[in-house]
Every structure is written in C-alpha cells, then in structure tokens.
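Tertiary structure, described
Below, each chain spelled out in residue letters.
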Amino acid sequence: MLKKIIEHSQVKSPWLVHYDCGSCNGCDIETLACLTPLYDVERFGVLNIGNPKHADVLIVTGTVNKRNKKVLKQIYDQMPSPKIIIAIGACGLSGGIFREAYNVVGGVDKVIPVDVYVPGCPAKPEAIIDGVVEGLAKLKELQQASTPDTDAIAS
Amino acid sequence: MSKTIVPFGPQHPVLPEPIHLSLTVEDEIVKEAVPAFGYVHRGLEKLAEKRDFHQMIQVVERVCGICSMIHAMCYCQGLETLMNVDVPRRGQFLRVIWSELHRIHSHLLWLGLYADAFGFESVFMQFWKIRERIMDINEATAGNRVIVSVNQVGGVRRDLSPSKCEWILAELAHVEQEMKDLESTMLNNYTVKKRTVGKGVLTQEAAYELGAAGPTLRASGIAQDMRQLAYEAFDELDFAPVVETGGDAYARGVVRFRETFQSIDLVRQAIARMPQGDTFVKVKGKPEGEVVQRVEQPRGECLYYIKANKTKFLDRLRIRTPTFANIPPLAAMLPGMELADVPVLILSIDPCISCTER
Amino acid sequence: MIKNIFRNFVSGSATRPYPIEVRPGFKDARGELANKIGECTLCGICARKCPSQCITVSRKDQYWEVDPFSCVYCGICVEACPQNCLLHYAEHRKPARKKSGLLLNKNESPKLTVVSENR
Amino acid sequence: MAGSVLLIGTAPASSAPALFASSAFTTSIQVADFALLGLILFFGIKFKNWIIAGLSLAQIALLAFFEFVVLKGGHAEPAGLFCDNLSLIMVLIISIAGSLIVFYALPYMEHHEHHLKLKTSRQPRFFALLFLFIGAMNALVLVNDLMLFYFCFEITTLCSFLLIGHDKTREARQNALTALWINSLGGLALLLGIVLIYTQLHTLDIQVVISQAKGLDALLIPLGLLCVAGFTKAAQMPFQKWLLGAMVAPTPTSALLHSSTMVKAGVYLVIRFAPAFEGTPLSAGVAVCGAFTFLSAAALAIGQSNGKKVLAYSTVSNLGLILACAGINTHAAITAAILLVIFHAISKALLFLCMGSIEQHIGSRDIEDMRGLFGEMPKTALIITLGILTMILPPFGMLLGKWMAIESAAGNLFTLLMLAMGSALTVVYWARWAGILMGSDFKGDSRPEHLPGLARLPLVSLLVSAVVLSMSAPFIYAKMILTDFSGTTAAFSVSNGVMANASGSFAVIPLFLIAIGVFLFALAKSKPGRRTRLSGPYMSGISGQENGTYIGPMNKIMGSAQSNYYLSGFFGEKKLSGIVNATAGILILIMIGASI
Amino acid sequence: MTLVYATLGVIFAPFAGILIAGLDRILTARFQSRTGPPLLQPLYDIGKLWGKEPMIAHRFQPLCAYIYLAAAMVSVGLFFAQSDLLLIFFVQAVGAVFLVIGAFLVPSPFSQAGANRELIQILTYEPLIIIVLAGIHLYTGSFKISAIYAMDKPLLLNLPLLFIVFGYALTIKLRKSPFDISASHHAHQELVRGVLTEYSGRTLAIVEIAHLYETILILGLCSLFWTTSVLGMVVLLALTYLAEIVVDNISARMSFRWMLKSVWSTGLVLSAINLIWLYSGGRI
C-alpha cells in the first residue's frame with residue numbers, strides 16, 4: 001500500500017534543481033519560462049526547489065567546462081536517489097557549437113549519467129516539458145523494474 | 001566575533017547564472033564580498049580560429065542568449081566596416097526592430113528575476129507572462145524564440161511582411177498595457193520600496209570612476225547610451241537616454257522599466273518609418289584590418305574588437321561586455337548591505353556572466 | 001497589485017495546456033532539421049557551411065548524416081542548400097533517452113547511428 | 001545535608017533555643033556585627049574604595065544608633081529560629097546543591113591552581129570560605145530574628161567578596177569591590193528597614209512583623225527598603241553589575257553563590273515578607289521591577305557570546321521572574337516563585353558546573369568556541385544541552401513555573417507584556433546555544449573524554465535531580481508548598497499528576513510520560529540504518545573534502561565560518577545597559593514612592 | 001471523551017492540512033494566472049520525500065525532526081482535548097526549538113543562518129501569541145478552550161485588534177510573504193531553503209508533516225475567535241486564510257530586522273490598546 005502511494009507520488013511530484021553549467025542563458029531562461037504562467041509546470045507538481053538535497057530532477061544546461069564539472073558532479077552526488085538527470089540544449093548534449101573550444105569538456109554525459117536529452121538551441125519550453133515527462137516515464141519504468149531500493153524504502 | 005562566511009553560488013537558486021561570491025557577514029551585514037569566476041568560460045573568442053567569419057556569427061550569437069541578436073549585429077557591423085559594405089536602409093531598420101525587441105524581452109526578464117530576488121513571486125510571474133508575447137513575436141518573425149539569428153554580414157536574413165508588422169504593433173500594445181498595470185507595483189509598492197530604495201547606492205562620481213555601464217550608469221545620473229552614436233537606423237529615430245538620479249537599486253529598476261516603454265516606442269517608430277527595399281547585400285571577398293565596434297546592449301555598452309587578415313579566419317576577436325564593466329561597482333556596493341539584499345544588488349546590475357566569461 | 005491578482009483570478013489561468021493540446025508551431029519557425037534525401041545531390045555545401053559542424057556528407061557511401069544533438073537549428077544549411085531539399089519542420093525535435101545521429105542513405109531507409117563526440 | 005533532610009516533617013516549627021535567649025549570645029552577635037562592618041570598612045580603606053568605606057561607616061553609625069539609642073544598650077527579646085516549608089526548601093537546596101558543588105570543587109580547584117601555577121595551594125582558604133558561606137546561608141533562611149538575619153546577610157556579602165577576589169588578579173579585585181559596595185548598599189537598606197520596623201512595631205520577630213504588618217501603611221517604607229536589599233542581593237537591574245563581575249571567580253563560586261544560593265537570599269527575603277505587603281502598591285511595584293529585570297536581562301543575554309555572562313544574565317533574568325511572582329503575590333504566584341527557586345537553583349548549578357568543565361577543557365568561555373563541542377567532549381555536551389532544555393522546555397519545572405507565573409500575571413497588564421516578551425527572548429539565547437553544542441562534523445563520531453569522577457558525579461546527579469524533581473513537581477507542591485497556605489483555598493488542585501485550577505491545567509506527569517516515550521521512539525527510529533547515506537552540508541556545490549569547507553576564489557580552500565546572530569544593533573550591551581539601568585532605577589524609585 | 005476527540009484530531013489533522021495546503025497552492029497559482037498543481041499535491045510531495053533514499057547530514061537531525069513532529073502532534077491533541085491554551089502553546093514551542101536545533105547541527109552557513117532567522121521569527125511571534133492568549137483569559141477568565149466555547153458571544157467582537165495581532169503570528173507561522181524569511185516554500189531565496197536546507201528525504205517529509213500539524217493548530221487557535229456558530233467559524237477561517245494568500249501575493253519578502261521592529265511595535269501597540277480597553281471593563 002505505502003509502496004503504491006510512494007511510487008505514485010514519485011512520478012507526481014518532481015522537484016527541480018537547475019544548474020546552469022556554462023550555457024548562454026538561452027536554455028536557462030527557457031527552463032525558467034517553464035515555471036511561468038503560460039507553461040506552468042507546477043501542473044505536474046514541479047517546483048524549482050534549488051537545493052540538490054531536496055531535488056529529484058537535475059536539469060543541466062550548457063557545456064561542461066574544466067571548472068564547473070566538479071560542481072556538477074557534486075550536485076549530482078548530493079541528490080538522494082531516485083533521481084533523473086535531464087540535459088538541455090545542444091551545448092548540454094554534446095557541447096554543441098562550442099564543442100571545439102579549448103575550455104569545453106563536452107556534453108553533460110561526460111561527467112554524470114544523463115537520462116533524457118532535450119535537443120534544441122535553445123530548447124523550447126515545450127521541449128523541456130516533454131523532457132520532464134519523458135524523465136518521469138523513465139522513472140515509472142524503473143519502478144516497474146522495481147529496484148531493490150524502492151522495495152526496501154517502502155518496507 | 002560573530003563572523004559567518006557564506007559561499008554564495010555557483011549553484012544557487014537566486015542566481016540565474018554561476019558566479020561565486022564569498023560573503024563575509026556579521027549578523028547578516030555583509031562585511032566583504034569576494035567574487036570568483038570561470039564557471040562559464042568556454043573560450044569562444046579563440047574559436048574564431050576554427051570557424052570562418054560567417055560561421056562566427058552563429059558563435060557570437062551564443063555569447064549570451066538574452067542579447068544574442070545585438071551581439072551578432074555588433075559583430076556584423078564590425079565586419080561590414082572592414083569590408084566596407086553598406087547595409088540597405090530596410091535592413092538597418094529591421095536590425096533596429098529586432099534589437100529593440102530583444103531589449104524589451106531582456107528587460108522584462110530582468111524585471112521578473114528582480115522581483116523574484118526580493119521574494120515577490122507574483123510579480124515575477126506577471127512579467128514573464130507579458131514577456132511570452134515578445135517571445136512569440138521573435139519566433140513568428142525570426143523562427144526562434146531566443147536566438148533569432150537574423151544577422152548576416154551585409155544585412156538581415158529575414159524580412160517583415162506588412163501583416164506581420166500590424167500583428168507586432170497589436171502585440172506591443174498589449175505588452176504596453178499590461179506593463180502599465182504593473183507600474184504602480186514596481187514603482188510605488190511599500191514592500192518593494194523598502195527592499196530597494198537606498199540599497200547599493202552608487203553616486204554619480206563613483207559610477208563614473210568604477211566604470212559602470214548601461215542602466216547601472218544611467219541610474220546614477222549619467223546620460224550615456226551607445227544608441228546616441230546613431231548606428232543603424234537610430235539616426236532617423238528620435239531617442240534620448242533614460243536617466244535617473246537615485247543611483248540605488250530602485251533607480252536601476254525604474255530606468256529599466258522606463259526603457260522598456262522607450263523600446264516599445266522605438267519599435268513603433270521603426271515600423272512606421274521603415275522604407276521598402278532589400279534587406280541585405282551579397283558580400284564578396286575577405287575582411288582585412290582591425291576595427292572597434294560599440295553598440296548598446298540591454299545591459300550597457302558592448303564593445304567588439306575585430307582584427308582580420310584577408311583570410312576567412314579572423315586574426316583576433318575580442319568581446320568586452322557590459323557586465324564585465326559592472327562587476328567593480330557591484331563589489332563596491334555590497335559591503336554594508338544585509339545578506340537579504342545581496343540577491344537584489346547582484347540582480348540590480350543585471351549580470352550576464354556568460355557574456356562576461358564567454 | 002491587489003487589482004492585478006484579482007483580475008488574474010477572474011480571467012482564469014493563462015496556461016497553455018501543452019502536452020494535452022499542442023499549439024501549432026509558427027510558419028517557418030526553425031524546428032527539427034530534415035532532408036528530402038531523394039532530391040539531395042550530396043553536394044556537401046551544408047556540411048561546409050554548418051557553424052556547428054554537425055553534418056557529414058559522403059558521396060562515396062551515398063549518405064547524408066546529421067547529429068541532431070549538436071545541431072543549433074540556425075538554418076544556415078537550409079538557406080545554403082542549392083536543391084532546397086533541406087528543411088526545418090515547424091515543430092521542435094522530441095527529447096530522447098539516447099543520443100543518436102540520423103543517417104539518411106540514398107538507397108536505404110533512414111537509420112539511427114551512434115555519433116562520435118569529436119569528429 | 002543529612003541534618004537538613006531530617007528537618008523534613010518537623011516543619012513548620014518555631015523554636016527559641018535557650019542559647020538564643022542568653023544575653024551573652026545576643027551581645028556577641030552585636031559585637032560580631034560591629035567586627036564584620038569594621039572588616040568591610042578595613043577593606044574599603046585598604047583598597048581605597050571610598051564608597052565601601054562610606055557605606056560601611058554609615059552602617060556602623062546606624063547600627064550604633066540602633067543598639068545604643070533605640071535599644072538603649074539593652075536588646076530586644078530574642079526570636080530564635082523559625083522553620084516552615086519555605087525555609088526547609090531553601091535549606092535543602094543549599095545543603096544538597098552546596099555539597100554537590102563542593103564535591104565538584106575538589107578536582108576543579110586542583111586543575112585551577114595547576115593552571116595558575118601557584119606555588120602554595122590556597123585551597124584551604126577557598127573551602128573554608130565555602131563552608132562558612134554554606135553555614136551562614138543555612139542560618140539566614142532559618143533565623144526568625146531580624147538582627148540575626150542582617151548578620152548572616154552581611155556574612156554572605158563578605159564571603160562573596162572574598163571568593164570573587166580569590167584569584168587576586170586585578171580584574172578579580174575590581175569586581176570583588178564592585179560586589180562589595182553594591183551589597184553593602186543593600187546591607188544599609190536592610191539595616192535601615194530593620195530600624196524603621198523596630199521603631200514601628202518594637203519587635204524583631206519576623207513572623208510577628210509579617211502578621212502585624214498587614215494594613216499598616218507606615219510599614220511599607222521599611223518593607224520597601226527590605227525589598228531593595230533583596231534586589232541588590234539578587235542583582236536585579238540596575239544592580240546586576242556586580243553579578244556579571246562575579247563571573248571572574250572560580251566556577252564553583254559562581255555556581256554556589258552567584259546562581260543557586262546566595263542570590264536566592266535576596267529572593268528569599270522578598271518571598272518571606274511578601275504576605276506583609278500583599279495587595280499594596282509596593283507589591284505591584286516589586287512585580288513590575290522583577291518583570292522588567294526578567295525582560296531586560298534576557299534581552300542583554302542575547303547580545304552576549306561569553307557563556308558565563310549568558311549564564312549570569314539568565315540568572316538575573318530568572319531571579320527577576322521569581323521576584324515578579326513574589327510581587328504578583330497571589331498564592332499561585334508565590335507557588336510559582338518557590339517552584340522556580342527550586343528548579344532554577346538545580347538547573348543553573350548544573351549549567352555552571354558544565355560550563356566550568358568545558359572552560360577547563362577548551363580554555364575558552366566563548367559560545368562560538370563551543371561549536372561542535374559534541375565532537376570534543378560528548379558526555380558533557382549532552383549533559384549541558386539537556387540542562388539547557390530543562391531551562392526552556394515543558395514539561396520541565398522551569399516552564400511549569402513560567403506557566404504559573406504567566407497565568408497569575410494575566411490580570412496585570414505591564415507585568416504580563418514584559419513576561420511574554422522575556423520568555424520569548426529566553427528561548428532564543430538558550431536554543432541557539434544548545435544547537436551549536438550538539439553540532440559536530442556530520443559523522444557525529446566523537447573522541448572519548450576523561451573527566452574525574454568527582455566532577456562527573458555532581459553533573460549527573462544534578463541532571464537526574466532536575467528531571468526527577470520536575471516530574472514530582474505536583475507532589476512537591478502538594479506536600480511542601482500547599483501546607484504553607486493552610487487555611488486558604490489551594491491555588492492548584494493536584495489529581496494524577498495534573499496541576500489544575502480554574503483558569504488552566506498543566507499535565508505534568510502525562511506530558512513526562514509522553515515525552516519519555518517520544519524520546520525513546522525517536523532515538524530508536526533515528527538510528528542511521530546501513531543504507532543511510534551521510535552527505536556533507538550543502539555549499540552551493542563547491543564544498544571541499546573537509547566537512548564545512550569549500551573551494552573558494554582562486555581555488556582556495558575556504559573554511560565557511562558560521563556564527564550566531566548577536567544583533568548588537570538591538571541587544572548590544574553598550575546599546576541597552578544605559579537605558580535599562582536608568583529605567584530600572586526609575587521603576588525602583590516609583591516602587592518606593594508608591595509605598596509612601 | 002476528550003481522549004477520543006484528541007486521537008481523532010491527531011489522526012485527521014494532517015489530511016485536513018494537506019487539503020488546505022493544496023487549496024492554498026491552487027489559489028496562489030490562480031492569483032498568478034497559472035493553473036496550479038492538483039489538490040493532493042502536498043500529499044504527493046510528502047509521499048515522494050518519504051520514499052527517498054535516506055540521506056542525513058548529522059546523526060541527530062532525524063531525532064530533532066521526530067521530536068518536532070511529536071510536539072506538533074501532542075499540541076494538536078491537547079487542542080482537540082480542549083486543554084490549557086498556554087500549555088498547548090508551550091508544547092508547540094518544543095517543536096519549534098527542536099527544528100531550530102536540528103538546523104544548527106550541520107556546519108552549513110545556509111542552515112545556520114536559517115536557524116538564527118527561525119529563532120528571530122519565534123522571538124517575533126511568541127510574545128504576540130502569549131499576549132493574545134492572555135487577552136482571551138482576560139475576557140473569558142480562563143485559559144481553557146472549553147471556557148471559550150462556553151461564551152455566548154464570539155471573541156472577535158471583543159478582541160478585534162488582538163485578532164489582527166494574531167494574524168501577524170499566523171503569517172509568520174505559515175511562512176508567507178512578507179515573513180517567509182527563515183525558509184520560503186519556493187526556494188528563490190538568499191538562504192537556499194534556510195532552516196530546511198539540510199533536512200532531506202524522509203527527515204524532510206517528517207518536518208513537512210509537522211508543519212501541516214502546526215498549520216492546523218494555528219488555524220484552530222484562529223477558529224477560537226468565532227466559537228458561537230460553525231458557519232461563522234468556517235467563514236472566519238476561510239476569510240483569514242484567503243487574506244493570508246492575498247497578502248502573500250501582494251508583498252515582497254522583508255528583512256528580519258524590519259520584521260522584528262515593525263511587528264513588535266505595531267503588534268504590542270494594538271494588543272495594548274485592546275487589553276487596556278478590556279481592563280477598563282469595555283464589553284460588547
């Protein structure tokens with residue numbers, strides 16, 4: 001019973017933490033735009049919680065560079081599982097147009113495992129919403145796979 | 001004895017972008033603020049050695065997503081002077097229209113974040129709701145919401161049909177109306193004034209000596225605006241810089257608020273006076289020589305230095321952005337403020353770190 | 001502000017119910033990049049012009065490949081294409097769980113490929 | 001101690017042993033009085049402190065006038081001893097807390113003198129003074145004769161002076177002299193009061209005075225003077241200066257004299273005479289003064305980072321609360337006062353002793369230096385934290401007392417306002433202290449600490465008694481306090497551990513049971529399981545290897561210091577003291593004036 | 001009987017709290033012309049937090065959270081048992097103190113600063129609430145809730161100013177602008193989540209549940225101002241909460257110094273006026 005409730009609510013209340021890891025603000029403002037009246041992701045229970053320790057979804061925008069990859073790693077580590085990582089925008093996916101710049105390590109998946117890739121430069125808010133929905137779908141599949149983690153928690 | 005050091009950023013909910021400030025506070029009064037950078041640096045100036053000068057347009061557009069159009073415009077102006085191309089008049093007007101639209105959406109975005117910085121969530125929502133109209137205009141006219149990518153060396157890539165112009169004017173009318181609804185809140189609300197008036201005061205002298213730029217400078221009573229250089233079609237538009245004398249966070253808010261109306265007006269003028277004709281000219285050959293180009297971004301003066309050597313790769317590209325000029329004033333205005341005011345003050349210079357670090 | 005919020009309250013929510021009903025994209029918005037491979041002559045101008053260097057064209061193996069996860073949707077290639085066989089859909093490209101390039105072969109059906117990060 | 005326990009049951013008892021009757025005894029007391037004052041005068045002259053000299057001279061003159069002019073060389077009929085439950089409770093506190101503190105003092109003074117690198121041990125002097133004080137204090141609460149009372153009062157003053165100055169440092173001497181002159185001021189007030197009372201009633205028998213004073217407006221002035229004496233002893237605003245200075249003394253002194261017992265002498269004086277001025281303007285005045293002290297001292301404590309000063313201010317503040325109760329002067333209020341006396345004595349002694357151990361261990365009194373003390377000395381940290389919680393949280397005794405106080409103050413606007421704000425301020429400075437004590441690096445592991453058994457024993461036993469006594473508060477009330485109000489309706493009805501009256505109820509025992517249950521449950525639940533992940537603090541994503549550090553500008557490893565807010569803008573000592581003292585002085589003047 | 005009431009109250013309070021919180025979030029969204037979350041969103045949030053991987057920043061933090069929850073539950077229970085108001089309030093204070101201690105445990109500047117701010121908030125509202133309770137005592141002659149129910153006229157008529165003063169405390173307790181200083185619901189704040197920063201996973205869930213209990217308690221206290229008719233009580237609660245949401249939406253977050261100064265000055269003045277009026281025998 002409790003397990004059911006927990007699993008249901010895990011897909012019903014994803015709290016975001018957004019880390020701009022060196023993007024051009026394009027994707028950042030689109031991510032923020034998702035919270036605003038015209039897109040209002042709070043419909044899906046999304047809150048921009050800002051604190052990795054409370055967050056379930058990490059939204060990363062922008063290329064990873066040599067300095068902020070540590071930060072990105074640490075934020076990832078401070079998030080309690082289950083967690084979904086969403087990389088947004090060409091830069092976040094592969095380094096985009098900056099792939100060959102000297103200070104660019106590359107896409108987010110060079111540092112942390114990424115669950116959903118949202119293409120676009122910048123990705124439209126619709127695309128980002130799609131990304132979150134996709135991430136939640138993936139979470140649901142994980143629950144079906146029923147990792148020992150969720151079992152133990154519910155017990 | 002009661003000293004607290006707060007690592008403010010790089011990942012922090014009130015910071016739209018990764019900048020780090022080591023704040024030393026006593027009873028939440030900031031004693032010292034040491035900024036740290038490098039979380040956004042990509043090194044795209046050096047990318048000019050790998051991309052030819054046409055492709056570099058798309059690169060400089062992504063120096064900063066919020067004022068991408070103006071970056072690209074400045075870059076193209078520079079190349080046009082090097083290759084002495086004359087942009088057709090209509091092209092110049094279109095550049096003005098899109099750059100002013102960018103200014104509007106940047107200021108609306110800023111007003112929202114600013115309201116959020118002093119914890120006024122509903123105002124944040126309102127401004128961003130208004131902003132969506134501008135984003136729609138961008139997408140409908142230029143094909144993308146944020147990075148419109150309309151510039152090319154010798155003009156603009158897209159044109160505006162009369163019907164589109166009509167529609168833009170109608171949308172802008174809405175925007176203006178909705179802005180007016182929020183005017184009393186932004187300018188007269190008691191709590192807002194409590195949080196902004198007298199916070200981070202920058203006297204005229206200080207602003208001048210610390211080299212502030214853009215609205216930060218104009219809020220301290222110095223009427224300096226690169227648009228006075230009358231680049232593109234500004235020579236035909238009547239325009240006077242918006243100036244406030246308060247020099248505090250409140251004044252900066254007022255300047256940007258009024259500039260939004262001004263930009264709306266400029267777009268109207270431009271649409272009204274725009275002649276028919278081509279939007280661009282084909283350019284041949286390669287650039288040579290060096291040039292310094294200055295334009296007014298939403299955040300202030302932006303400066304491009306371009307050195308070309310008659311190959312398709314530029315010799316040197318140097319970008320100096322307004323936020324870079326506004327960091328020293330920020331560091332100067334933080335000490336003595338409350339910790340709760342730090343976000344307001346950081347926002348009050350409208351930082352664009354990705355511009356600054358490129 | 002009171003007036004404002006109560007106006008919002010009575011005028012109902014302005015939210016676009018996105019995933020439920022999709023707003024049609026604007027005409028000539030720069031969405032997903034596609035190639036009518038039938039008309040393509042594999043001239044390779046797009047590959048040369050692309051600022052993001054995300055297109056590869058091989059006359060030898062008769063294919064045109066794009067890495068949609070590093071494409072910046074600038075539209076340069078579309079404008080440069082002499083055959084007008086490149087085009088942007090108005091809708092954005094959907095998110096994916098895996099990164100994969102889109103390989104269009106002249107005489108095979110389109111297939112997804114693994115793109116190398118740094119070509 | 002044992003003897004004092006035996007006294008239980010005999011109460012209330014009034015006795016006039018033959019010894020007291022003998023004129024030789026009375027005469028010797030008179031002589032001793034003069035000797036005492038002479039000694040004080042000597043100190044005044046020796047340290048060139050003319051205030052003390054003047055005050056003691058004034059007392060000598062007044063005493064001489066009393067003995068030889070008023071009494072014409074003879075002496076009043078001796079009153080002997082009187083022991084009711086109030087005295088008994090005081091005796092128990094003094095003896096039990098006193099002896100525990102003395103135990104504690106043995107290892108403490110060893111370490112102390114070792115620390116000071118003294119050639120010759122001065123412990124004999126120290127302990128002699130302690131015992132002298134305990135004796136005098138016991139006598140003070142038992143005697144029924146005003147002159148004897150005055151005598152003991154002066155002895156305690158002198159002991160306090162000598163003990164504060166024990167370390168012979170410059171600072172110690174200064175503060176000792178401050179204490180001496182303020183207390184001699186109190187002595188003068190007391191003596192003057194006694195003389196006036198005698199001229200009115202021609203008796204020195206305290207009980208007689210109390211019984212006859214009812215309705216005698218002329219007696220309000222002397223009673224007011226007695227109250228002022230009590231205020232000085234209890235270091236009420238504006239006399240708090242000496243108590244803060246007294247913190248230079250070795251910690252056992254602070255624990256015994258300056259928190260749990262001697263300062264209570266002043267409180268005892270007021271509570272003892274409270275029935276005499278029930279319902280008079282003087283009573284209201286006492287209430288307001290006390291409440292004001294409660295508020296202002298609590299406010300001043302917030303501005304302090306020096307642990308012992310916080311303790312001192314909180315002592316002043318709580319004494320103010322007790323005096324406020326005495327001033328409100330209903331049965332409920334007096335009950336509250338007595339309960340507060342008990343619980344405050346125990347908790348505060350505990351806190352002082354812990355403070356002493358911590359100070360000797362980490363070599364600092366600053367609260368900020370105790371950050372993460374749990375990692376350093378887990379047991380002591382735990383004990384002091386619990387001690388702090390007994391000060392501010394229900395169902396412990398202090399809060400029971402506060403509850404009674406507020407309930408009985410509800411009819412009394414200004415007192416109420418001040419009590420309300422004061423209690424909130426109290427929570428602030430205690431809670432933040434408790435918080436940083438338990439804080440440690442996130443693993444929460446801690447080095448084993450070594451504390452001599454003689455030092456540990458008092459801590460533990462005080463803590464246990466604090467808890468147990470709080471639990472048995474209803475029975476204490478029923479068995480020991482209620483009997484003093486014989487003949488009148490009980491302020492509270494006690495039924496299965498719930499203290500209730502018309503206006504409210506405080507379920508002591510049930511709450512205790514719940515609290516214990518909850519605590520054990522929470523302890524069990526919050527044990528980190530094997531899958532529990534320990535994560536460092538959130539540092540905006542740049543925290544370093546070391547817990548609580550981060551990688552700052554120029555990739556420098558920075559320690560992110562934390563500290564409490566002391567809000568010097570609101571509660572700074574400099575900012576407040578002047579205003580507070582002035583206000584308090586005015587209030588006291590009003591109090592005296594009102595009684596004319 | 002009272003025991004039954006108490007248990008029922010303790011059992012159903014969190015669900016009522018969830019509904020209220022959900023309604024709050026929907027209304028707030030509507031005021032910002034958004035659609036807002038589903039009504040049961042708070043339940044989902046708590047359930048999700050409960051299911052998170054256990055992650056603690058200090059060994060004693062869960063302990064503090066549990067005690068916070070227990071204190072909140074006991075105070076709600078006492079409330080529904082119609083017990084002594086002061087006692088209820090003191091028990092609730094236990095929880096507040098332990099929440100703060102839990103935040104103090106971790107050497108993170110954000111949670112430390114948040115804890116300090118939380119203390120200042122406690123410092124701000126505690127006197128006000130005690131004074132309000134004393135005003136009730138002055139009017140009903142008792143601190144017992146049952147005594148209030150015995151009155152034939154609603155308290156509001158005689159304690160209007162005290163109700164406003166109570167409103168301040170309500171706003172602070174509900175963490176709404178302009179007083180969402182120690183921890184705001186949406187963390188666009190200089191201290192990330194302030195006092196809640198270091199609580200995570202199940203510990204945070206417990207804190208949230210405790211907060212629901214506190215909401216119910218504080219609203220219950222609010223309901224005491226109109227005890228004569230159920231309808232009146234409901235209307236009063238609805239209007240008060242609506243006012244809270246509106247205030248939240250029309251004001252910025254203030255600094256704690258401003259809070260301390262303004263709330264104490266206005267609050268004390270207002271309550272003093274009302275109390276003096278009562279002392280002078282004024283009655284309606």
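Conventions used here
- Residues numbered from 1 in each chain as written.
- Chains lettered and ligands numbered in written order.
- Predicted model: local features only at pLDDT ≥ 70, side-chain atom pairs only at ≥ 80, totals over all residues.
- Heavy atoms only, no water.
- Pairing = 2+ DSSP bridges.
- Helix = DSSP H or I, 4+ residues; strand = E, 2+ residues; numbered from the N terminus.
- Axes fitted to C-alpha atoms, helices over the stretch in contact; angles between N-to-C directions.
- Phe/Tyr/Trp six-rings, centres within 6.5 Å; stacked < 30°, edge-to-face > 60°.
- Buried < 20%, exposed > 50% of the residue type's maximum accessible area, 1.4 Å probe, protein only.
- 1 Å grid on protein atoms, 1.4 Å probe; cavity = no way out; pocket = protein on both sides within 12 Å on 5 of 7 lines; lining within 4 Å.
- Points joined across faces, edges and corners; volume = space filled by probe spheres on them.
- Nonpolar A, V, L, I, M, F, W, Y, C, P; charged D, E, K, R; others polar.
- pLDDT = per-residue confidence, 0-100.
- Patch = residues over 30% accessible without salt bridge, like charges linked within 9 Å, V, L, I, M, F, W, Y side chains within 5 Å.
- Areas by Shrake-Rupley, 256 points an atom, 1.4 Å probe, with all protein chains shown as cover.
- Salt bridge = Lys/Arg side-chain N within 4 Å of Asp/Glu carboxyl O.
- Expected span 1.5 Å × (residues − 1).
- Lys, Arg positive; Asp, Glu negative; His and termini not counted.
- Charge placed at Lys NZ, Arg CZ, Asp CG, Glu CD.

1. Digging into the sheet that holds strand β3 (residues 29-36) of chain B
All names here are of chain B. With antiparallel pairing, the 3 strands of this open sheet are ordered in space as β1-β2-β3. A strand with exactly one partner marks an edge of an open sheet, and here the two such strands are β1 (4-8) and β3. For this sheet the average axis-to-axis angle between neighbouring strands, irrespective of direction, equals 20°. Pairing between strand β2 (residues 20-26) and β3: 7 bridges, direction antiparallel. Pairing of leucine 21 across the sheet is with proline 35, part of β3.

2. Some points on the pairing of strand β7 (residues 300-309) of chain B
Residues and elements named next belong to chain B. The pairing of strand β6 (residues 288-297) with β7 spans 10 bridges and is antiparallel. Of the residues in β7, the one forming a bridge with glycine 289 is alanine 308. Count of turn residues in the β6/β7 antiparallel hairpin: 2 residues. Summarising the sheet, β7 and strand β8 (residues 314-320) pair through 6 bridges and their orientation is antiparallel. Each residue of the ladder has a partner; that of isoleucine 306, found in β8, is leucine 317.

3. Some thoughts on the packing of aromatic side chains
All names here are of chain B. One pass over the structure, following the stated rule, counts 33 aromatic pairs over all chains. Note on phenylalanine 257 and phenylalanine 261: the rings are 5.5 Å apart at their centroids and 75° apart in plane angle, and the pair reads as edge-to-face. Taken together, the residues phenylalanine 257 and phenylalanine 261, both in helix α9 (residues 249-273) and 4 residues apart, mark about one turn of the helix. The exposure class assigned to phenylalanine 257 is buried, which follows from its relative accessible area of 1%.

4. Brief notes about the layout of surface pockets
Taken as a whole, the largest pocket spans an internal volume of roughly 1,000 Å³. Around the largest pocket, the lining is made up of 39 residues, and of these Val10, Ile11, Met73, Val74 and Tyr213 of chain E lie nearest the centre. If you list the elements that add at least two residues to the lining of the largest pocket, you get α1 (2-12) of chain A, α23 (508-525) of chain D together with α1 (2-31), α2 (41-51), α3 (61-80) and α9 (201-223) of chain E. It is α1 of chain E that contributes the most residues to the lining of the largest pocket, 9 residues altogether. When the residues that make up the lining of the largest pocket are grouped by side-chain class, the tally is 31 nonpolar, 6 polar and 2 charged.

5. As for the confidence of the model for chain C
Residues and elements named next belong to chain C. In the predicted model, chain C carries a mean pLDDT of 81, and the fraction of residues at 70 or more is 91%. Within chain C, the lowest mean pLDDT, 66, falls on strand β6 (residues 111-113), and the highest, 87, falls on helix α3 (residues 76-80). For this predicted complex, the interface confidence comes out at an ipTM of 0.89, alongside a pTM of 0.90.

6. Some details on empty space enclosed by the protein
One number sums up the size of the largest cavity: a volume of about 770 Å³. Asp24, Arg25, Lys176, His185 and His186 of chain E are, among the 41 residues lining the largest cavity, the residues nearest its centre. Going through the elements one at a time, α4 (121-142) of chain B together with α1, α2, α9 and α10 (230-249) of chain E are the ones with two or more residues in the lining of the largest cavity. Here the element with the most residues in the lining of the largest cavity is α1 of chain E; it accounts for 6 residues. Counted by class, the lining of the largest cavity contains 14 nonpolar, 13 polar and 14 charged residues. In terms of lining residues, the second largest cavity is bounded by 30 residues, among which Leu32 of chain A together with Pro13, Leu15, Pro16 and Glu17 of chain B are the most central. Of all the elements in the fold, those that place two or more residues in the lining of the second largest cavity are β1 (15-20) and α2 (26-35) of chain A together with α3 (89-117) of chain B.

7. Some points on a nonpolar patch on the surface
All names here are of chain E. Taken together, the side chains of Met1, Val4, Tyr5, Leu8, Ile11, Phe12, Phe15 and Phe80 present a nonpolar region at the surface, about 830 Å² in accessible area. Top element by residues in the nonpolar patch is α1. It accounts for 6 residues. Counting through the fold element by element, methionine 1 comes out in the segment before α1.

8. Here we look at helix α5 (residues 109-140) of chain E
All names here are of chain E. For α5, spanning 32 residues, the distance from its first C-alpha to its last is 46 Å, which sits close to the expected 46 Å at 1.5 Å a residue. With respect to burial, α5 is a largely interior element, 32 of its 32 residues being buried. Phi turns positive, to about 80°, at glycine 141, one or two residues after α5.

9. Topic: a positive patch on the surface
A grouping of Lys286, Lys310 and Lys312 of chain B together with Arg48 and Arg59 of chain C is seen on the molecular surface, where their side chains present a positively charged patch. Mapped onto the fold, lysine 310 of chain B is located in the loop between β7 and β8. Exposure remark for lysine 310 of chain B: the relative accessible area of 52% places this residue in the exposed category.

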